[in-house]
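Summary of the model geometry
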Amino acid sequence: MAAYLCSLLAVSSLLSTGNCMPRRSVSAPALPLNKLASTVATALPAPTGSPQFIALGLGVQNYTCNSTTNTYAAAGALAQLFDATAYLSYRPDRIDSLSQEYLDRYTSFPCSQSPSSDIKIADRCEGLANSRIARPLPVLGEHYFTKTGTPSFDLSKAAHDPFLYSAKKANATAPGTGNVDWLYLASNGSSLNQVVSSVYRVETAGGVQPKSCSGSGSISVPYAAQYWFY
Ligand SMILES: *[C@@H]1O[C@H](CO)[C@@H](O)[C@H](O)[C@H]1NC(C)=O
Ligand SMILES: *[C@@H]1O[C@H](CO)[C@@H](O)[C@H](O)[C@H]1NC(C)=O
Ligand SMILES: *[C@@H]1O[C@H](CO)[C@@H](O)[C@H](O)[C@H]1NC(C)=O
Ligand SMILES: *[C@@H]1O[C@H](CO)[C@@H](O)[C@H](O)[C@H]1NC(C)=O
């Protein structure tokens, strides 16, 4: 899909071709599980094969305060997914820094704390942040949670509408501080799932809740991550 968008852009515009890479055969990069501390590296299973899509996810992790324990409990997430497959295949050296760069742009806008629940509105903060990156990435879809708490991925801009209702299978402490766990999620068995069947959340930046809270309010913490789909 990214390559298709690129060729469209290339013929329709003499302006910057944005995310489009010079024509050159590149293979998908390797999932960077080797960056995890050796003590947690085995917490996530190694992938089989090459990723079908690498998405840059930008949005919020939500938490609700538990007034009994005075700690925040995870309450889902909402993120826009940008297609970084072509970019990171061509620039694997950027795997390490891309999430933090997106998060920094994102949190420079006041609206980054509360994205619209309608992820399709073009002018919200996620799109604005993407537009200010040197090579903006094409929109790929969105990541959201259903009312019953199922982590869902809708890659609606890619061919054959890849879709995944998932379940968390494994987590590992992220490198650095203040970054949400790296995860492995796989299909929850839904017959609506298609094209992709599992996803790793890696290279996380931000998204961690404060240590304590009072009352029963909810918060949204901005984060960026890479979602590698298999
Ligand atoms: C708050 O935490 C307590 C203790 O872990 C748990 O029993 C309770 O169900 C939690 N409340 C909510 C609303 O999740
Ligand atoms: C997360 O919070 C955002 C607003 O900050 C909201 O639009 C979204 O629906 C919330 N998602 C979940 C699963 O709570
Ligand atoms: C996985 O998540 C659980 C629950 O949040 C946590 O207790 C555990 O330490 C995490 N494991 C790793 C390896 O980070
Ligand atoms: C998967 O998640 C969806 C959305 O929450 C749910 O409707 C479905 O029952 C779940 N499991 C299966 C096996 O489809």
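Below is a summary of the structure that appears in this document. (Residues numbered from 1 in each chain as written. Chains lettered and ligands numbered in written order. Predicted model: local features only at pLDDT ≥ 70, side-chain atom pairs only at ≥ 80, totals over all residues. Heavy atoms only, no water.)

Look at Asn70: it is not a glycine, yet its phi comes out positive at around 55°. Looking at the secondary structure, you find Asn70 in the loop between strand E1 (53-66) and strand E2 (71-83). Here the phi dihedral of Glu203 falls at roughly 50°; this positive angle occurs in a residue that is not glycine. Mapped onto the elements of the fold, Glu203 is located in strand E7 (residues 198-206). (Helix = DSSP H or I, 4+ residues; strand = E, 2+ residues; numbered from the N terminus.)

Turning our eyes to something else, we now look at the environment of Gln80. In this structure, Gln80 sits in strand E2. Take Gln80: its relative accessible area is 7%, and that puts it in the buried class. Along the backbone, Gln80 and Leu155 are 75 residues apart, and their C-alpha atoms lie at a distance of 9.9 Å. (Buried < 20%, exposed > 50% of the residue type's maximum accessible area, 1.4 Å probe, protein only.)

It is worth spelling out the packing of aromatic side chains at this point. If you walk through the whole model with that rule in mind, you get seven aromatic pairs. Look at Tyr200 and Tyr230: their rings are 5.6 Å apart centre to centre, the planes differ by 75°, and that puts the pair in the edge-to-face class. Within this pair, whereas Tyr200 is found in strand E7, its partner Tyr230 is found in the segment after strand E8 (218-229), the two being separated by 30 residues in sequence. The same class applies to Tyr200 as to Tyr230, namely buried. (Phe/Tyr/Trp six-rings, centres within 6.5 Å; stacked < 30°, edge-to-face > 60°.)

A word on the pairing of strand E3 (residues 139-145). Bridge count between E2 and E3: five bridges; the pairing is antiparallel. Across the sheet, residue Leu78 finds its bridge partner in E3, namely Tyr144. By the bridge criterion, four bridges tie E3 to strand E4 (residues 151-154) in an arrangement that is antiparallel. The residue bridging His143 from the neighbouring strand is Phe153, located in E4. The hairpin formed by E3 and E4 contains five residues between the paired strands, and Gly149 there has a positive phi angle of roughly 85°. (Pairing = 2+ DSSP bridges.)

Let's shift gears to the state of the cysteines. The final tally for this structure, using the stated rule, is one disulfide. Between the sulfur atoms of Cys65 and its disulfide mate Cys213 the distance is 2.0 Å. For the disulfide bridge between Cys65 and Cys213, the dihedral angle about the S-S bond is near 90°, and by the sign convention the bridge is right-handed. You can see Cys65 sitting in strand E1 and its partner Cys213 sitting in the loop between E7 and E8, a full 148 residues away along the chain. (Disulfide = S-S within 2.5 Å.)

This part covers the sheet that holds E1. Reading around the circumference, E1-E2-E3-E4-E5-E6-E7-E8 is the order of the eight strands in this closed barrel, with antiparallel pairing throughout. Geometrically, the sheet is characterised by an average inter-axis angle of 30° between neighbouring strands, direction not taken into account. Direction of pairing for E1 relative to E2: antiparallel, over a ladder of eleven bridges. When the sheet's bridge partners are listed, Tyr63 is paired in E2 with Ala74. (Axes fitted to C-alpha atoms, helices over the stretch in contact; angles between N-to-C directions.)

Evaluation of the coordinates by the stated rule reveals five salt bridges. Taking the shortest distance from any N to any O, the salt bridge between Arg91 and Asp93 comes out at 2.7 Å. Between Glu101 and Arg105 there is a salt bridge, with the nearest N and O atoms lying 4.0 Å from each other. With Glu101 and Arg105 both in helix H3 (residues 98-106) and four residues apart, the pair spans about one turn of that helix. A single network of salt bridges, built from pairs that share partners, joins Lys35, Asp96 and Glu203. (Salt bridge = Lys/Arg side-chain N within 4 Å of Asp/Glu carboxyl O.)

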